[in-house]
Every structure is written in structure tokens, then in C-alpha cells.
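Residues per chain, in single letters:
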Amino acid sequence: KQRVLLTYVSPGYFDMLGVRMQRGRGFAAEESRLPGPPSPVAIISSAMWRSRFANDPSVIGKTLNIDESQFGGSGRRTTYTIIGVAGPDFEGLELESVDMWVPLSNVADGNITSLRLVMRANANAEPRFVEKRLSAQYLETHLGDRDIADTSGIIAGPLLAARGPVLSGVSVRLIPNMSDRSLSLLARL
């Protein structure tokens, strides 16, 4: 049994971030429609390709059986077919390196407790304006649902903030559990 960090993403995730596949392809739009593809698919990281598959060039089409209880799921096991290997310089937008990405439509029972929206805005877009506009659109799409309106919100900020804590003027000693790798990664961003 090996721990993996899995992230659920939308089909345009890799294109929006400019990440090219080393092998295979990215997600197709139909793979992200509910109720999810009949055969779940995944993109793995270059590091996972190296460590778990020894850079096997025939990795596309191989399967991974994942216990999703570690991601807050109901304990179900899902078999994912590998369709791509992300470029070697991309490790995801989490503080830890991501091992695999799967379509958001694969979330068990559609139960999502938290969702991070990452988008590319115009270079001169003001974050407060983006935040206000997205919040209004979000609330408009959930009219009448008081639970969502009262507990949800949109915060706009740079990609660094989406990834983790902003380090400007903060002593590394004050950030618990930050590895050298994480700090290096944040510095690159």
C-alpha cells in the first residue's frame, strides 16, 4: 500500500497552466461531465512515473487501483486508467508534490466540501474586482440555497496565495511543517 496525493481538476487545468504532457494526453471535456466517465482516467506526475513505473514508455493504458477514503471519500476503491504523464517540471499547486490528477467529476457522490478555483486573469485585472465579480456570479448560481450562500465565498489572489502561505517578511521558523522542497517551490512561484 502506497500513499498518493490525488487532486481533482477540471479538463482545462493543464492547458490553463501551460503544462505539457510528457506522455499521452490531457483530459477531454467529456471525461469531466457528470456522472463521470464510465472508465475513470488519470494523469500521473513525472515523479510517480519514475518511482512507480520506472519510466516505462508503455505506461499509458496501465491502471491504478486507488482507495479514495484517504481523500475523504466513502472508502470506495476506484481503478483509474493512466492517459498522461505531466511534464517533469510540474508538481501541482499543492504544498506537497501531487502524484496524480483526475477529473473533478470523479468525486465520490459529488460531495465536495471545498473547491479551489484557479484562473488566469488579464495582466491588469484588479484582484478585488475579480473577487467581487466572481462572488456575485457564484451567489447568483446558488440563489435560494442559504447553506451555500452563508458558508461560501471567493477570495481572489495571485497563484502563490493559491499554493500556500505568502513568505514575504515571514521567518521560515514560524511556518510549521514546511519542508525545504516546499519553500523552494514557493520561492520559484
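Residues numbered from 1 in each chain as written. Predicted model: local features only at pLDDT ≥ 70, side-chain atom pairs only at ≥ 80, totals over all residues. Heavy atoms only, no water.

> Please explain the side chain of T7 as it appears in this structure.
Note on placement: T7 falls in strand β1 (residues 6–9). Classification of T7 as buried rests on a relative accessible area of 12%. Non-local contacts of T7, meaning those with residues more than four positions away in its chain, are made with E94, V98, M100, W101 and V102. (Helix = DSSP H or I, 4+ residues; strand = E, 2+ residues; numbered from the N terminus. Buried < 20%, exposed > 50% of the residue type's maximum accessible area, 1.4 Å probe, protein only. Contact = heavy atoms within 4.5 Å.)

> Explain the packing of aromatic side chains to me, please; I cannot follow it from the model alone.
Geometry of an aromatic ring pair is reported as the spacing of the ring centres plus the angle between the planes. Tallying each qualifying case throughout the model produces 6 aromatic pairs. Residues F14 and W101 carry aromatic rings whose centres are separated by 5.3 Å and whose planes lie at 80 degrees to one another, so their mutual orientation is edge-to-face. Here the residue F14 occupies a position in helix α1 (residues 13–17), and W101 occupies one in strand β6 (residues 100–103), the gap between them amounting to 87 residues. You can call F14 buried: its relative accessible area is 3%. W101 gets classed as buried once you look at its relative accessible area, which sits at 0%. Here the aromatic residues Y13, F14, F27, F90 and W101 are joined through ring pairs into a cluster of three or more. (Phe/Tyr/Trp six-rings, centres within 6.5 Å; stacked < 30°, edge-to-face > 60°.)

> Could you clarify how one ought to interpret the pattern of salt bridges in this entry?
Applying the stated criterion to the full structure yields 3 salt bridges. Between R25 and E31 there is a salt bridge whose closest N-O contact spans 2.7 Å. Judged by relative accessible area, which is 37%, R25 ranks as partly exposed. K62 is paired through a salt bridge with D56; the nearest N and O atoms lie 3.6 Å apart. For D56, a relative accessible area of 23% puts it in the partly exposed group. (Salt bridge = Lys/Arg side-chain N within 4 Å of Asp/Glu carboxyl O.)

> Help me understand the pairing of strand β3 (residues 41–44), please; the structure alone is not making it clear to me.
Taken residue by residue, a regular strand's side chains alternate between the two faces of the sheet. Alternating positions in β3 separate into two faces, V41 and I43 on one and A42 and I44 on the other, with burial throughout. With 4 bridges joining them, β3 and strand β5 (residues 77–86) adopt parallel strand pairing. Bridge pairing in β5 places A42 opposite I82. Strand direction decides the pairing type here: β3 and β6, joined by 2 bridges, are antiparallel. Within β6, the position partnered with I43 by the bridge is W101. (Pairing = 2+ DSSP bridges.)

> When you look at helix α2 (residues 46–53) in this model, what are you seeing that I'm missing?
In an α-helix there are 3.6 residues to a turn, and that puts residues three or four apart on one side. The complete set of buried residues in α2 reads S46, M48, W49 and F53. Angularly, the buried residues of α2 cover 165 degrees about the axis, an arc narrow enough to put them on a single face. Where α2 is buried, its residues contact β2 (21–24), β3, β4 (63–67) and β5. Taken from the residues just after α2, A54 is the one with a positive phi, measuring 50 degrees. (Arc of directions from axis to C-beta.)

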